[in-house]
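Listed below, chain by chain, are the residues.
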Amino acid sequence: MKKIGLFFKISISKRSASSFHFSTSSPTYPPYCLTSCSESLRQFGLEKSLRKGQQLHAQMLTTGLSACSPTFTTALISLYAKCNQMNQALLVFNSSPDCDRNVFMYNTIIFGFVSNGLARDGLEVYREMRKVGVLPDKVTFPCLIKGFCEVMEVCEVKKIHGLVFKLGAESDVFVGSALVSCYLKFEFTDEAHKLFNEMADRDVILWNSMVNGCAQIGKINETWEVFRRMRKEGIPLGGFTYTGVLSVFALARDFNKGRVVHGLVIKTGFGSCVPVCNALIDVYGKCNFFASALEIFEVMDGRDIFSWNSIISVNEQSNDPNETLRLFNRMLSDGFHPDLVTITKVLPACSRLAALMHGREIHRYVIVNGLDKAGNSEYINNVLLNNAIIDMYAKCGSLRDAQSVFNEINCKDVASWNIMIMGYGMHGFVTQALHMFSSMCDAGHKPSEVTFLGVLSACSHAGFVSEGQEFIRLMKLKYGMDPTIEHYACIIDMLGRAGQLEDAYKLACTMPVKAESVVWRTLLAACQLHGNVDLAELAAEQVFELEPGCCGNYVLMSNVYTAVGQYGEVLDVRHQMRQQNVNKAPGCSWIELKNGRHTFIAGDQTHPEANRIYSTLYILTSCLHEQGHMPNL
């Protein structure tokens, strides 16, 4: 949204207004002509047909018809406001004579500012309206309350509430609903409940304001209680009611209440309502019932962009990146255009699969459609999007692209720097990771716990023990942070990789936080690296107790015994796995091609092109043998 600035700072001059050829001596036109043009402008506004509206406006200016009635001015303001052209709307408003500015015209310009995200400008218009003696009406108040609520001016809302009472508009359900919603947004729950209970006419709009207001501030019990009162008093439940109450159950991850509401949705005939189905998908997804969420999605009669975003988000939470990309491709084939939410949900799937080609295509889409150039109102989404792109490139190993995107963006936050530090560290570019840390501090960003996790991981991979220990001291003394279990795991990994296994074991036993499985597994991996069976057995004893069902721990210990030739102990480990009913997940390889990602395990015959693949592999193996290469089996 293009910021217009405060109303009085624009101060359009009378010379500017003269461009509309306003004249009190304009000819008088038949009333039916005035009505017809006003209705046409209203229709163009509903259709957001800016060009048609501008053409009619030009004809009105040429004939002088725009000077005949305030109705035209109001219709023009409404047209430009609905087409997101508030500069033009304000120009029309300022061109009208003061005597013609009635409450309807003021309502239209105020609504235009508030609905276009320029609440402060709309409120300045309201203050001018009061100065010239025009009294607000029942249409003015809901819009004003929404505007003051958006700019968080609590005192002004209470003044409006007093004026509502003074003018006798307190019984109007739309005014009451706006006040209830606003008080709940400010978390003045007592005032909201008092106002709600005092309303003589409580219709479904007011009840929905209570339900959704409580839901938006996370008041789970209050939301459920209001919902129960609605049912008890026989208030008809609508789609807006269901989406409000379901949103709070998604937040609370309350599967049981969500399922109860789902039953009511079906019983009351809202099972085909798209927004309600979207809310149900969100509830089941947040409660980890992914199959139920997918079932609702598949049987929906119609889907919108929010439906696709919801199901893609659910799959992203379920750690099924393959299915996430499949859904994304289905979305594209169905003719839907991804938005910022879609992109930020799909890019992590590319990161986990190292699907660089898919990631590049998505980044290209972002650039072509200008999603990376969002305005101030989309600042947070813009940061999240850029960070997701950098993270994708970093995890896919394309650090040059990651650095290029990082250099180009203006809105860097701590997470942006952390992604680059972690990316360089995990790929072994320790010098660059430490340089990014220094640059981050020089840029005025305070390192977070994740930042130190990144630099410690980098030091661990490079064997920079003294540098890593210095970072721990810096973390404690300069920034006042206590290392977490993840930081200690990095230190133990750093010591273990450097061969200082005794020091690593001592730290695992004496560190101020309780050692978890990640610590002992890290030590066990270091023991495998250096062939220290005695310490490996001590670490394995701890990790088996903490995670008896994790196959990776048994594999690590089996590899330790195999490395030193203790094959009897290897059999004992495998026997222990059978006793614990632990199965080793097969390792796999994959390759990314233009038609998707292809995954293989050893001896795999399930691929549709398996015969051609093995024939080609046989030819390659024969060529290697001819060159004297013998595989080490």
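Coordinates for the structure precede this section.
The following paragraphs examine the structure supplied in this document. These figures come from a predicted structure and were not determined experimentally. (Residues numbered from 1 in each chain as written. Predicted model: local features only at pLDDT ≥ 70, side-chain atom pairs only at ≥ 80, totals over all residues. Heavy atoms only, no water.)

Right, let's talk about the overall build of the chain for a bit. A tally of helices and strands in the chain yields 35 helices and two strands. Expected size for 633 residues packed as a compact globule is a radius of gyration near 26 Å; at 33 Å, the chain overshoots this value by more than 25%. Dimensions of the chain, computed from the C-alpha atoms along their principal axes, are close to 105 × 60 × 55 Å. Taken over 633 residues, the chain has a buried fraction of 45%. At a minimum sequence separation of 6, the contacts of the chain that also span at least 24 residues come to 60%. (Helix = DSSP H or I, 4+ residues; strand = E, 2+ residues; numbered from the N terminus. Rg over C-alpha atoms; globule rule 2.2 N^0.38 Å. Buried < 20%, exposed > 50% of the residue type's maximum accessible area, 1.4 Å probe, protein only. Contact = heavy atoms within 4.5 Å.)

Okay, the packing of aromatic side chains next. For any pair of aromatic rings, geometry is given as the distance between the ring centres together with the angle between the planes. For the coordinates displayed, the defined rule picks out 16 aromatic pairs. Between Phe93 and Tyr106 the ring centres are 5.4 Å apart and the planes differ by 70 degrees, which places this aromatic pair in the edge-to-face class. Of this pair, Phe93 sits in helix H6 (residues 86-95) while Tyr106 sits in helix H7 (residues 103-115), and the two are 13 residues apart along the sequence. One Lys or Arg, Arg101, reaches over the ring of Phe93 and ends 4.6 Å from the middle of that ring. Over the face of the ring belonging to Phe297 we find Arg303, whose NZ or CZ atom lies 4.3 Å from the ring centre. (Phe/Tyr/Trp six-rings, centres within 6.5 Å; stacked < 30°, edge-to-face > 60°. Lys NZ or Arg CZ within 6 Å of the ring centre and 35° of its normal.)

This part covers helix H16 (residues 255-267). Here H16 is 13 residues long and its end C-alpha atoms lie 18 Å apart, about the 18 Å a rise of 1.5 Å per residue gives. Among the residues of H16, those classed as buried are Phe255, Gly258, Val261, His262, Leu264 and Val265. Buried residues belonging to H16 abut helix H14 (220-232), helix H15 (239-252), helix H17 (274-286) and helix H18 (290-299). Between a side-chain oxygen at the N-terminus of H16 and the backbone nitrogen of Asn256 the separation is 3.4 Å; the capping residue is Asp254. Positive phi shows up at Gly269, right after H16, with a value of about 85 degrees. (Expected span 1.5 Å × (residues − 1). Polar contact = N/O pair within 3.5 Å; in protein donor to acceptor, adjacent residues only side chain to side chain.)

What follows concerns the environment of Tyr242. Summarising the element assignment, Tyr242 is placed in helix H15. If we ignore the near neighbours within four places in the chain, the residues touching Tyr242 are Phe227, Leu237, Val261, Leu264, Val265, Thr268, Phe270 and Val276. There is a polar contact of 2.8 Å between the side chain of Tyr242 and the side chain of Thr268.

Looking now at the pattern of salt bridges. According to the stated counting rule, one finds 14 salt bridges in the structure shown. We note a salt bridge from Glu298 to Arg303, for which the minimum N-O separation is 3.8 Å. Exposure remark for Glu298: the relative accessible area of 37% places this residue in the partly exposed category. For Arg303, a relative accessible area of 24% gives the class partly exposed. Bridged by salt links that share partners, the residues Glu298, Arg303 and Arg330 form one connected network. (Salt bridge = Lys/Arg side-chain N within 4 Å of Asp/Glu carboxyl O.)

Turning to a negative patch on the surface, a few remarks are in order. A surface patch of negative charge is lined by Glu449, Asp482, Glu486 and Glu516. Tracing the chain through its elements places Glu516 in the loop between helix H30 (501-510) and helix H31 (517-530). Residue class for Glu516 comes out partly exposed when judged on its relative accessible area of 44%. (Patch = residues over 30% accessible without salt bridge, like charges linked within 9 Å, V, L, I, M, F, W, Y side chains within 5 Å. Areas by Shrake-Rupley, 256 points an atom, 1.4 Å probe, with all protein chains shown as cover. Lys, Arg positive; Asp, Glu negative; His and termini not counted. Charge placed at Lys NZ, Arg CZ, Asp CG, Glu CD.)

On to the side chain of Thr241, then. If you trace the backbone, Thr241 turns up in helix H15. In this structure, Thr241 is in contact with Asn208, Val211, Phe227 and Met230, ignoring residues within four places of it in sequence.

Below, the discussion takes up the nonpolar core. Ile109, Ile110, Val261, Leu524 and Met557 are the most contacted members of the largest nonpolar core, which totals 183 residues. The contact partners of Ile109, leaving out residues within four places of it in the chain, are Ile77, Met86, Ala89, Leu90, Phe93 and Val125. (Core = buried A, V, L, I, M, F, W, Y, C linked by side-chain atoms within 4.5 Å.)

Its identity as a non-glycine residue notwithstanding, Arg253 has a phi of 55 degrees, on the positive side. Along the chain, Arg253 turns up in the loop between H15 and H16. With a phi close to 60 degrees, Asn581 is a non-glycine residue in the positive phi region. Along the polypeptide, Asn581 turns up in the loop between helix H34 (567-579) and strand S1 (589-593).

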